[in-house]
Structure formats: C-alpha cells, structure tokens
Amino acid sequence: MRFQLQKFLPNNRRYSTEILKAGSRFLKENGVEEPRRNAEILLSHLLKKPVHRIYADDERITRGILPAYSKLLGKRASHTPLQYITGKVDFYKYVFSVEKGVLIPRPETEILVEKAVSVYKEYFLPVRARILDIGSGCGNIAVSLAKEIKNCSIAATDISLKALKVSHCNALRHKVKSKIKFYKSDIFPPGKSRFHMIVSNPPYIPLADIAGLDEDVKREPLTALSGGRDGTSVIRKILGRADVFLHEKGFLLMEIGYNQADFIRSFKCGMKLTGIERDLAGIERVAVFRKTG
Ligand SMILES: C[S@@+](CC[C@H](N)C(=O)[O-])C[C@H]1O[C@@H](n2cnc3c(N)ncnc32)[C@H](O)[C@@H]1O
C-alpha cells in the first residue's frame, strides 16, 4: 500500500510526536490493531532509538525519514506483521531474528520452554541433557533451552531451509551454536540418537481454519501453521514415534491447539500422558508425556 506521510503534515509539523500521531491515525484507518503501538515501534526501528526517547527528545525529523517511515507504515497497513518489518521478536528472555517465510514465535510457547527447564531440573540435573526440538522455526525454543540449561546438547529439525538458515543465525547471535546441531529433516533427525527430552511446537491448525485467520497471520508460512485436514497430522507422527527417540523415563513436551486436549488424552502411544499445562488464558496448551518403559 502506498502512503505519503508528507501530505498529512504541514511544514512546521515535522516533530516526532506529530509524525507518530499521523502514522497512528493512518494505521487505525486501515484497520491495524493497536495503531499507536505499531506506529511507535516502526519509528523506533527507523530512528534506532527506544520509544521513550522519541517522546522525550521530540526532535525535528529530517526530510529523508518521512518517505522511509511512510513505506514502513504502508507495509504494516497491508498486513505485513510488525516482526517481519523490524526483523526481530521478543521471546522468553531473548530477542530473535525473524523474517518472512519463518513463523513468528508466540508468547504461549514460552510455557513450553519454562516447563522443559523445570523438567530438566527436577529429573535430569546434573546429567548432560540431550534434547530434540522438532520444527525449530527461527530456533526460539532450541536457543532458549541452550541458554537456560548449561549442560545440554540439542538437535533441531525443520523441513524449511529458510527456517534453518534463520535458526542458525539466532544460535550464533546468542553464542550457543556449539550446543545445537540443525537438520533439514522430516520430523525426526537422521540416525538412532536417543534424547532425554523432545520438545516441539508443531503446526496444528486445521487446514479449513486457515482461511479464517487474521490477515497478519496469513502472511506466515502455511507449513508452519497447518497440521493438515484436522490439524493433527504432524502431532500424530510425533506421538507415533517419539518413544523410539527417547531414553527410558524421557519426556516429550508438545504445544497443542486450543481444542486438541481431548484428542491428546485419547491417543494411544508408547508414552504416558503425565499432564497438560494451561496457558495464561486457561487453555490446555503444553502436553507432557513420559516414556515409562
Ligand atoms: C508452529 S512452527 C514452530 C516454530 C518454532 N518452534 C516456534 O515455536 O515458534 C512449526 C515449525 O515446524 C516446521 N515443520 C512443519 N512440518 C514439519 C515436518 N514434517 N518436519 C519438520 N519440521 C516441520 C515448520 O517449518 C515450522 O518451522
């Protein structure tokens, strides 16, 4: 979408706060949720200074900034997710690079990381944990676990080369590359390795629900969102074989969709369901299985 901020600003109104106001109005008129916050983050990204400093300085904006900011606002109004525009996303305690073609990590998934860290501390510490992350996307789960669990090695799989490229960059960015091995692989890694924990946030949205998703979400890759006809195609494959890749008493922790808990409870596999963690909205979100032997 083309937008020219200059046209909305009289010449004497080129201060940051005036520009923010105009940008926010434009986003609101184009149906973007939280228009002010979006306008702030985009200007902060462009000026390379935190939002509070933009307000505190309220400096006169140079001419070149206006077309650049207009361009970013136009992209956002066309439903390009904010994180694809800025190239970064906050997840757990860290900032990750993200780009078009790779899923944007969601706050719910932080529960999976928290639970995996607590399972490690309760059942495996001080053993060197071997962890498998299936569908690692931008590497947010694998990298967070590598940061949080000092004594571990991680295998991370994804079928998307783009995701693997970005996760590799994130591992380097957070200085944990030596702890993570990445594989372009369909669900499980090659070989016969066994793990203490398998973690996964698989694609789990039913194909028929994709058309009804927010326009922003539809900009994310279908392979990262859709779990086939009823949403469970990747989940079934993980549950069907995870025990083969687990040590005795090893754990599988897997994020699931808002209405998949009953399916998970009824699914027969080589592991025992020990519980399902709820997210902040009270939705059953992270299924925890244990291989009981
Ligand atoms: C919901 S995203 C999760 C990404 C990231 N782990 C996160 O939590 O934000 C699912 C990921 O699984 C990958 N994926 C989909 N099908 C796969 C398969 N058969 N084998 C391996 N990875 C797969 C997608 O490319 C995508 O990166």
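All of these numbers come straight from a predicted model, not from anything done at the bench.

Cut-off values and rules
Residues numbered from 1 in each chain as written. Predicted model: local features only at pLDDT ≥ 70, side-chain atom pairs only at ≥ 80, totals over all residues. Heavy atoms only, no water. Pairing = 2+ DSSP bridges. Helix = DSSP H or I, 4+ residues; strand = E, 2+ residues; numbered from the N terminus. Axes fitted to C-alpha atoms, helices over the stretch in contact; angles between N-to-C directions. Contact = heavy atoms within 4.5 Å. Domains from an automatic or database assignment. Disulfide = S-S within 2.5 Å. Expected span 1.5 Å × (residues − 1). Buried < 20%, exposed > 50% of the residue type's maximum accessible area, 1.4 Å probe, protein only. 1 Å grid on protein atoms, 1.4 Å probe; cavity = no way out; pocket = protein on both sides within 12 Å on 5 of 7 lines; lining within 4 Å. Points joined across faces, edges and corners; volume = space filled by probe spheres on them. Nonpolar A, V, L, I, M, F, W, Y, C, P; charged D, E, K, R; others polar. Near = heavy atom within 4 Å. Polar contact = N/O pair within 3.5 Å; in protein donor to acceptor, adjacent residues only side chain to side chain. Areas by Shrake-Rupley, 256 points an atom, 1.4 Å probe, with all protein chains shown as cover. Right-handed = clockwise from strand over helix to strand, strands pointing away.

### A few points about the sheet that holds strand β3 (residues 129–134)
Two strands in a sheet stick together by hydrogen bonds in their backbones, pointing the same way (parallel) or opposite ways (antiparallel). The 7 strands lie next to each other as β5-β4-β3-β6-β7-β9-β8, forming an open sheet whose pairing is mixed. Edge positions in the sheet fall to β5 (180–184) and β8 (272–278), since each of these pairs with one other strand and no more. Here the average twist between neighbouring strands, direction ignored, is 15 degrees. Pairing between strand β6 (residues 195–200) and strand β7 (residues 246–255): 5 bridges, direction parallel. What sits directly across from F195, in β7, is L246. Sheet strands in contact with helix α6 (residues 109–124) are β3, β6, β7, β8 and β9 (284–290), and its direction is about 160 degrees off that of β7.

### Considerations on the side chain of Q260
Examined against the element boundaries, Q260 turns out to sit in the loop between β7 and α11 (261–266). In contact with Q260, other than residues within four places in its own chain, are Y204, D230, G231, T232 and I235.

### Thoughts on the domain arrangement of the protein
Taken domain by domain, the protein holds domain 1 (5–78) and domain 2 (99–290). Placing the centre of domain 1 and that of domain 2 at their C-alpha centroids yields a distance of 37 Å.

### Quick word on the state of the cysteines
Under the defined criterion, the tally for this structure stands at 0 disulfides. Here C138 is not disulfide-linked; the sulfur of C169 is the nearest cysteine sulfur, at 11 Å. C138 supplies the cysteine sulfur nearest to C152, a cysteine that is in no disulfide, at a spacing of 17 Å.

### Re helix α4 (residues 65–77)
The end-to-end C-alpha distance of α4 is 18 Å, a good match for the 18 Å that 13 residues give at a rise of 1.5 Å each. Contact partners of the buried residues in α4: α1 (16–29), α2 (35–47) and α5 (82–86). Phi turns positive, to about 75 degrees, at H79, one or two residues after α4.

### Describing the environment of G137
Turning to its location among the elements, G137 is positioned in the loop between β3 and α7 (140–148). Owing to a relative accessible area of 14%, G137 belongs among the buried residues under this scheme. Between the alpha carbons of G137 and L103 there is a distance of 6.2 Å; along the sequence they are 34 residues apart. Non-local contacts of G137, meaning those with residues more than four positions away in its chain, are made with V102, D158, A163 and S167.

### A look at the layout of surface pockets
Space inside the largest pocket adds up to approximately 860 Å³. As for the largest pocket, its lining consists of 28 residues, and the residues nearest its centre are R37, N38, R76, L82 and Q83. Contributions of two or more residues to the lining of the largest pocket are made by α2, α5 and β1 (88–91). With 5 residues, the top contributor of residues to the lining of the largest pocket is α2. In the lining of the largest pocket, the residues fall into 10 nonpolar, 7 polar and 11 charged. Three or more residues apiece are contributed to the lining of the largest pocket by two domains, here domain 1 (5–78) and domain 2 (99–290). Of the voids in this model, the second largest pocket is the one considered here, and its volume is about 550 Å³. Looking at the second largest pocket, it is lined by 22 residues, and the ones nearest its centre are R106, E108, Y204, I205 and R285. Per-class residue counts for the lining of the second largest pocket are 12 nonpolar, 4 polar and 6 charged.

### Description of the site of the ligand
Close contacts around the ligand come from 19 residues, with G135, D158, D186, I187 and N201 the closest. Note that a nitrogen atom of the ligand is positioned 2.8 Å from one of the side-chain N or O atoms of D186. For the ligand, an oxygen atom lies 2.9 Å from a polar atom in the side chain of N201. Considering the ligand on its own, with 600 Å² of exposed area, one finds that the protein chains cover 95% of that surface. Only α7 and α9 (222–225) provide two or more residues apiece to the shell around the ligand. Residues belonging to the shell around the ligand are distributed by class as follows: 8 nonpolar, 9 polar and 2 charged.

### Regarding the pairing of β3
Along β3, 5 of the 6 residues are buried, which leaves the element largely enclosed by surrounding structure. Of the pairings in the sheet, the one linking β3 to strand β4 (residues 152–158) comprises 6 bridges and is parallel in character. What sits directly across from L132, in β4, is A155. Tracing the backbone out of β3, into α7 and back to the parallel element β4 gives a crossover that is right-handed. Across 4 bridges, the pairing between β3 and β6 is parallel. Residue pairing for β6: L132 is matched across the bridge by I198.

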